[in-house]
Amino acid sequence: RHENFGLTLVEAAAAGLPVVSSGAGGMSDILSICNHGIVVDANDPKLTARSTRNLLLNRDRWEQMSDSGRQASRANLTWKSHIDRYIQAVQKLVRKTASPVAQRTRPKPLGIASHLLVCDIDDTLTGNQRTIRELNRFIAGRDDVVFGIATGRNLPDAVETLKSWSVAEPQFLITSVGTAIHDNFGRLRENERWKQHIQFRWQPDRVREVLTGLPQLHAQEPEAQTACKISYYCENADQSTISAIKSVLRKSLLHARVVVSKSYCVDILPVRASKGHALRFLATQWKFDLARIYVAGDSGNDLDMLRGMVKGIVVGNHSDELEVLRGEQTTYFSVKPSAAGILDGLRHYGLMSRDPDFASSNRK
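Computed from a prediction, not measured in an experiment: that's the story for all the values here.

Calculation criteria
The residue count restarts for each chain, going from 1 along the sequence in the order it is written. In keeping with the model being predicted, local features are shown solely for residues with a pLDDT of at least 70 and side-chain atom pairs are shown and tallied solely at 80 or more, while totals for entire chains, interfaces and linings include all residues. As a convention, hydrogens and water are excluded, and side-chain values are obtained from all of the structure's heavy atoms. A run of DSSP states H or I qualifies as a helix once it reaches four residues; a run of E qualifies as a strand once it reaches two. Both are numbered from the N-terminal end. Computation of the radius of gyration draws on C-alpha atoms, with the globule rule given as 2.2 Å multiplied by the number of residues to the power 0.38. Note on exposure labels: buried denotes an accessible area under 20% of the residue type's maximum, exposed denotes more than 50%, and partly exposed covers the range between, all computed with a 1.4 Å probe on protein chains only. Note on contacts: a residue pair is in contact if any heavy atoms of the two residues lie within 4.5 Å. For every accessible area listed, the method is Shrake-Rupley and the probe measures 1.4 Å; residues are considered covered only by the protein chains on display. Under the convention used here, Asp and Glu are negative, Lys and Arg are positive, and both His and the chain ends fall outside the count. The location of each charge is read from NZ of Lys, CZ of Arg, CG of Asp or CD of Glu. A pair of strands is labelled paired if DSSP reports no fewer than 2 bridges between them. As used here, the arc belongs to the directions running from the helix axis to the C-beta atoms. Axes here mean lines fitted to C-alpha atoms, for a helix over just the part in contact, with angles spanning 0 to 180 degrees between N-to-C directions. When an angle is under 35 degrees it counts as roughly parallel; over 145 it counts as roughly antiparallel; between 65 and 115 it counts as roughly perpendicular; any other value is oblique. Crossing handedness: left-handed means the near helix sits turned counterclockwise from the far one by under a right angle, and right-handed means the same turn made clockwise. Note that Gly is not counted as nonpolar here; it falls among the polar residues with everything else outside the nonpolar set of Ala, Val, Leu, Ile, Met, Phe, Trp, Tyr, Cys and Pro and the charged set of Asp, Glu, Lys and Arg. We call Phe, Tyr and Trp rings a pair once their centres come within 6.5 Å, taking the six-membered ring for Trp, and we label the pair stacked below 30 degrees between planes, edge-to-face above 60, and tilted otherwise. Whether a charge sits over a ring comes down to the Lys NZ or Arg CZ being within 6 Å of the ring centre and within 35 degrees of the ring normal.

### A short note on the overall build of the protein
Here is step 1 of the chain: Regarding its fold elements, the protein presents 14 helices and 14 strands.
Here is step 2 of the chain: Taking 21 Å as the expected radius of gyration for a compact globule of 364 residues, we find that the protein reaches 21 Å, a close match to that expectation.
Here is step 3 of the chain: Across its three principal axes, the protein shows a C-alpha extent of roughly 55 × 55 × 45 Å.
Here is step 4 of the chain: Within the protein, the proportion of its 364 residues that are buried is 48%.
Here is step 5 of the chain: A separation of at least 24 residues holds for 59% of the contacts in the protein among residues at least 6 apart in sequence.
Here is step 6 of the chain: On the protein, roughly 18500 Å² of surface is accessible, and the fraction owed to carbon and sulfur atoms is 53%.
Here is step 7 of the chain: If you average the places of the 48 positive and of the 39 negative side-chain charges in the protein, the two averages end up 4 Å apart.

### Some points on the pairing of strand S10 (residues 257–261)
Here is step 1 of the chain: Most of S10 sits out of view: 4 of its 5 residues are buried.
Here is step 2 of the chain: In this sheet, strand S11 (residues 265–269) lies alongside S10 in antiparallel orientation, the contact comprising 5 bridges. Each bridged residue has a counterpart across the sheet, and for valine 258 the counterpart in S11 is isoleucine 268.
Here is step 3 of the chain: Connecting the antiparallel pair S10 and S11 is a turn made up of 3 residues, with lysine 262 showing a positive phi of about 60°.

### Things to note about the pairing of strand S6 (residues 180–184)
Here is step 1 of the chain: A large share of S6 lies buried, amounting to 5 of its 5 residues.
Here is step 2 of the chain: Here S6 shows a buried face lined by Ala180, His182 and Asn184 and a second buried face lined by Ile181 and Asp183.
Here is step 3 of the chain: Sheet topology note: the strand S5 (residues 172–175)/S6 ladder contains 4 bridges and is antiparallel. Counted as the bridge partner of threonine 175 is alanine 180 from S6.

### Here's the deal with helix H2 (residues 27–34)
Here is step 1 of the chain: Within H2 the residues assigned to the buried category are Met27, Ile30, Leu31 and Cys34. When H2 is viewed along its axis, its buried side chains cluster within an angular range of 100° and face the same direction.
Here is step 2 of the chain: Positive backbone phi, approximately 50°, marks asparagine 35, located one or two places after H2.

### Re the sheet that holds strand S3 (residues 115–119)
Here is step 1 of the chain: Taken together, 8 strands build an open sheet; the order of strands is S7-S6-S5-S4-S3-S12-S13-S14 and the sheet is mixed. At either end of the open sheet lies a strand with only one pairing partner, and these are strand S7 (188–190) and strand S14 (331–333). For this sheet the average axis-to-axis angle between neighbouring strands, irrespective of direction, equals 20°.
Here is step 2 of the chain: As paired strands, strand S12 (residues 293–297) and strand S13 (residues 311–314) are joined by 4 bridges and run parallel to one another. The residue bridging tyrosine 294 from the neighbouring strand is lysine 311, located in S13.

### Here we look at the packing of helix H6 (residues 129–140) against helix H13 (residues 338–348)
Here is step 1 of the chain: Between H6 and H13, the shortest axis-to-axis distance is 8 Å and the interhelical angle comes to 40°. Considering the angle they form, H6 stands oblique to H13. Crossing angle aside, the handedness with which H6 passes H13 is left-handed. Within the contact between the two elements, H6 uses Thr131, Ile132, Glu134, Leu135 and Phe138 and H13 uses Ala339, Ala340, Ile342, Leu343, Leu346 and Arg347.
Here is step 2 of the chain: In terms of residue class, the contact of H6 with H13 is made up of 8 nonpolar, 1 polar and 2 charged.

### Brief notes about the packing of aromatic side chains
Here is step 1 of the chain: Scanning the entire structure with this criterion turns up 4 aromatic pairs.
Here is step 2 of the chain: Judged by centre distance (5.4 Å) and plane angle (80°), the ring pair of phenylalanine 172 and tryptophan 286 falls under edge-to-face. With phenylalanine 172 in strand S5 and tryptophan 286 in the loop between helix H11 (275–285) and S12, the pair connects residues that are 114 residues apart, well separated along the chain.
Here is step 3 of the chain: On the basis of relative accessibility, which here comes to 17%, the residue tryptophan 286 falls in the buried class.
Here is step 4 of the chain: Here the aromatic rings of tryptophan 194 and phenylalanine 281 are separated by 5.0 Å at their centres, their planes lie at 55°, and the arrangement is tilted. With tryptophan 194 in helix H8 (residues 192–197) and phenylalanine 281 in helix H11, this residue pair connects regions lying 87 residues apart in the sequence. For the residue pair tryptophan 194 and phenylalanine 281, the accessibility class agrees, reading buried in each case.
Here is step 5 of the chain: Here the basic side chain of arginine 326 rests over the ring of phenylalanine 333, its NZ or CZ set 4.1 Å away from the ring centre.

Okay, here's the thing in structure tokens:
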């Protein structure tokens, strides 16, 4: 249902086994490389069962995915293929007579910006390379728009994912579900004021100790944990899960924020931390009008970021947690998935031209 990298899918590809996956986390990357499986809504058992049955009964499709997985995994996901690509890259650099110059996106002066565009990464930005390119062209062509990221991933993981999908370089990053802020106006720098601000009444060791007694919570991988984010898996997590965890914390006189995403990821954060709080902290620090901030997301940890005076964009492939926003005047629900949904939302709000000639020229 969820893997940060997608190792199970790699093993299946190498064994010639097609897969049925939610496509969450790094699994979407593996599926795009190997083309050996189908993506389903893990919250819909009947649809999952029907899709799985259809794959098993369609022998030609099964064999095509089996062959694709074996060939692609050997070509791209073995230790030898990794080393071969690495050596080729090093040899190319060694052959150059001049020192290579790193190419960076030209930082935009914050003082001339009149709009902020803030996007989640997984399933909001990622998903379709063509629509990402169109979004990149829009960002590059508008000096009045500053582009930023708000994600559940930690900083190194977020930067690597953005590079792998060739997303435009952001000028600020809110990472680890709002527990860290870095700006990128010429160089990457952590916001120390925010780091200090969220330490209020935060006792991570006590939180872990108290929540160890809840059998439904299973700790996520070590790389998903940070000093200010404690992450668990929890099947069928919902509002009642949040209430139950908060009740346990309150009885122990602990202050923390509980965030559920995708119905199976639970993050425990300092009470002052969240994507929405981090974004509003930046808006206050930069003296930026909330009504000129455009926010795109797809899951529960985007919820408070999408609320309020900002202009929210909920992409078509969103999870059920965001349905509570439907009908809100400042929230637009696109029927289009991922980056296509972001572009659709920008056109809805008038920040991007609806002119078909403009859209077609961006596709060239």
